Amino acid sequence: MEAEGVATVTLNAALDHSLDCPGFRAGEVNRVTSHRVDPGGKGINVAAFLADWVRPVTAAGFLGRDNAQPFEALFRARGIEDRCRRVAGETRMNLKVLDAQAGQVTDINLPGVRIGDEDWAALKKDLEALARQRRWFVLAGSLPAGLPESAYAELVRLLRGAGCLVALDASGPAMRLGVAEGPDLIKPNLRELEELVGRQLPRREDVLEAARGLVARGIGRVVVSMGGEGALLVERTRAVFARPPPTRVVSTVGAGDAMLSGVLGGWIRGEALEACARWGTAFAVGTLTRPGPVLPPRAEVEELMARVQVEEAG
Ligand SMILES: Nc1ncnc2c1ncn2[C@@H]1O[C@H](COP(=O)(O)OP(=O)(O)O)[C@@H](O)[C@H]1O
Ligand SMILES: O=P(O)(O)OC[C@H]1O[C@](O)(COP(=O)(O)O)[C@@H](O)[C@@H]1O
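Only a predicted model underlies this, so the values are computations on that prediction, with no experimental measurement involved.

Undergrad: Sorry, what's going on with the overall build of the protein here?
TA: Of the regular secondary structure elements, the protein holds 10 helices and 14 strands. Taking 314 residues into account, the globule formula puts the C-alpha radius of gyration at 20 Å, and the protein, at 18 Å, falls close to it. With the C-alpha coordinates of the protein rotated into their principal frame, the extents come out at 50 × 45 × 40 Å. Counting across all 314 residues of the protein, residues that qualify as buried make up 52%. Within the protein, contacts between residues at least 6 apart in sequence are counted, and of these 66% link residues at least 24 apart. For the protein, the exposed area adds up to about 13700 Å²; of that, 49% sits on carbon and sulfur atoms. A distance of 1 Å separates the average location of the 39 positive side-chain charges in the protein from that of its 40 negative side-chain charges.

The following block contains the structure:
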């Protein structure tokens, strides 16, 4: 059987608690007006975003055995194959403080359960088997305690060695070491790209040059997301900038994951860079208009896609 579809790998899943807190101020008593909980973590979000657009979609990685139910419900509802390894304890919660007045989200992300050597070795075995069934792998999010900084580098090597295509979205040393193994697609935001190349990138030309430098080092496509400004997509022979249409932002949680999902979905369908830029931006903007990491209906995503402005980036 030929490998097909996508598997996402979430090493540090999270239950995202989004707290509506108008006028939020650090160091003060703040009152929450409403609260919702969504199963999340970068790879989990990517699986959920892609589930209506690509088949089959598998979620792999770690989940705490004691509170796996919301993730299991999500997988059932979205037709996502559940290959997540259960580990002792609870998946972490992350707090997202939404201040609609200021149009700001404050993220407070917890470290997560500690992963032991046996679970880490077992996960790598799981992925070796899954690599025979899925064509694309998305490795995304922070590393939980207990895993080495080289965790993503090991997985990129393992999966590319098995003939799979790999997308990576992480930060810090885990991202730097993973990138050195030459993944096919990466999606740093501007801050993460600066961290990756070790210098500030104040102008668009600086961002373009840094992304081109990574492509020259063997990364297939580099997508740099730049918040409300848009995103730069760079491949060997082309670079485009995609500007989002005016948007009423409800929550930015998951916007980066949605960007990655849209670009990857386009790539899987064989679309060119410009179309991938439109899909990524439409997914990102679509989720901004919703309180949780969910996309609007397909017709709305397609309508948003037509309103994305894409220009050559030099
Ligand atoms: N305030 C905003 N207005 C319009 N689009 C936005 C806004 N914030 C994010 N986006 C869209 O979502 C994409 C990803 O957001 P970004 O904040 O860069 O990702 P991350 O969450 O990974 O830091 C952006 O490239 C852009 O298309
Ligand atoms: O693993 P990290 O880096 O702590 O990030 C996890 C958080 O990122 C998210 O996946 C959202 O990411 P984005 O807003 O960057 O798309 C949340 O669901 C989760 O709480």
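The rest of the description comes next.
Undergrad: Any chance you could explain the packing of helix H1 (residues 42–50) against helix H8 (residues 255–268) here in plain terms?
TA: Two numbers describe a pair of packed helices, the interaxial angle and the distance between the axes. Running from N to C, H1 and H8 cross one another at 50°; their axes reach a closest spacing of 9 Å. Taken together, the axis directions place H1 and H8 in an arrangement best described as oblique. Viewed along their axes, H1 and H8 form a crossing whose handedness is right-handed. In this structure, H1 uses Lys42, Asn45, Val46, Phe49 and Leu50 to contact H8, whose residues at the interface are Asp257, Ala258, Leu260, Ser261, Leu264 and Gly265. The class makeup of the residues in the contact of H1 with H8 is six nonpolar, three polar and two charged.

Undergrad: What am I meant to see in the side chain of Thr287 here?
TA: Within the fold, Thr287 resides in helix H9 (residues 273–288). Judged by its relative accessible area of 0%, Thr287 is buried. Within the local environment of Thr287, its side chain forms a polar contact with the backbone oxygen of Val294, the two atoms lying 3.2 Å apart. If we skip the residues at most four places from it in the chain, Thr287 touches Phe49, Ser251, Val253, Gly254, Ala255, Ala258, Gly292, Pro293, Val294, Leu295 and Pro296.

Undergrad: Whenever I open this one, the UniProt feature "domain: Carbohydrate kinase PfkB" (unreviewed entry) in the protein confuses me. Can you help?
TA: Cross-referencing UniProt, the feature "domain: Carbohydrate kinase PfkB" (unreviewed entry) maps to residues 15–294 in the present numbering. Secondary structure across residues 15–294 divides into 37% helix and 24% strand, with the first and last C-alpha atoms of the span separated by 15 Å.

Undergrad: Just to check I follow, could you spell out the site of ligand 2 for this structure?
TA: Every one of the 17 residues lining ligand 2 counts as a neighbour, but Asp16, Lys42, Ser142, Gly254 and Asp257 are closest to it. Between ligand 2 and the protein, one listed contact pairs an oxygen atom with a side-chain N or O atom of Asn109 at 3.1 Å. A distance of 3.1 Å separates an oxygen atom of ligand 2 from a polar backbone atom of Gly256. For the shell around ligand 2, the secondary structure elements donating two or more residues are H1, strand S6 (93–99) and H8. No other element matches H8, which puts three residues into the shell around ligand 2. Of the residues belonging to the shell around ligand 2, the class tally is two nonpolar, 10 polar and five charged.

Undergrad: What's the story with the packing of helix H4 (residues 151–161) against helix H5 (residues 172–179) in this structure? I'm lost.
TA: For the pair H4 and H5, interaxial distance at closest approach is 7 Å and the crossing angle is 25°. Our classification of the angle between H4 and H5 gives roughly parallel. The interaxial crossing formed by H4 with H5 has right-handed handedness. Contacts between H4 and H5 involve Tyr152, Ala153 and Val156 from the first element and Ala174, Leu177 and Gly178 from the second.

Undergrad: How do you make sense of the sheet that holds strand S10 (residues 185–186) when you look at a structure like this?
TA: In a beta sheet, neighbouring strands are held together by backbone hydrogen bonds and run either parallel or antiparallel to one another. The strand order across the open sheet built from 10 strands is S5-S4-S1-S8-S9-S10-S11-S12-S13-S14, with neighbouring strands paired in mixed fashion. In the strand order of this sheet, the two ends are held by strand S5 (81–87) and strand S14 (309–312), each with one partner. Sheet analysis places strand S4 (residues 57–64) next to S5, joined by seven bridges and oriented parallel. The residue bridging Gly61 from the neighbouring strand is Cys84, located in S5. Contacts from helix H7 (residues 204–216) reach S10, strand S11 (221–225), strand S12 (231–234), strand S13 (239–243) and S14, with the element oriented near 35° to S12. In the packing of H8 onto the sheet, the strands contacted are strand S1 (6–10), strand S8 (136–140), strand S9 (165–169), S10, S11 and S12, and the crossing angle to S8 comes to about 165°.

About the thresholds
- Residues numbered from 1 in each chain as written.
- Chains lettered and ligands numbered in written order.
- Predicted model: local features only at pLDDT ≥ 70, side-chain atom pairs only at ≥ 80, totals over all residues.
- Heavy atoms only, no water.
- Helix = DSSP H or I, 4+ residues; strand = E, 2+ residues; numbered from the N terminus.
- Rg over C-alpha atoms; globule rule 2.2 N^0.38 Å.
- Buried < 20%, exposed > 50% of the residue type's maximum accessible area, 1.4 Å probe, protein only.
- Contact = heavy atoms within 4.5 Å.
- Areas by Shrake-Rupley, 256 points an atom, 1.4 Å probe, with all protein chains shown as cover.
- Lys, Arg positive; Asp, Glu negative; His and termini not counted.
- Charge placed at Lys NZ, Arg CZ, Asp CG, Glu CD.
- Axes fitted to C-alpha atoms, helices over the stretch in contact; angles between N-to-C directions.
- Parallel < 35°, antiparallel > 145°, perpendicular 65-115°, else oblique.
- Left-handed = near helix turned anticlockwise from the far one by under 90°.
- Nonpolar A, V, L, I, M, F, W, Y, C, P; charged D, E, K, R; others polar.
- Polar contact = N/O pair within 3.5 Å; in protein donor to acceptor, adjacent residues only side chain to side chain.
- UniProt positions renumbered as here; feature names shortened; annotations may be inferred.
- Near = heavy atom within 4 Å.
- Pairing = 2+ DSSP bridges.

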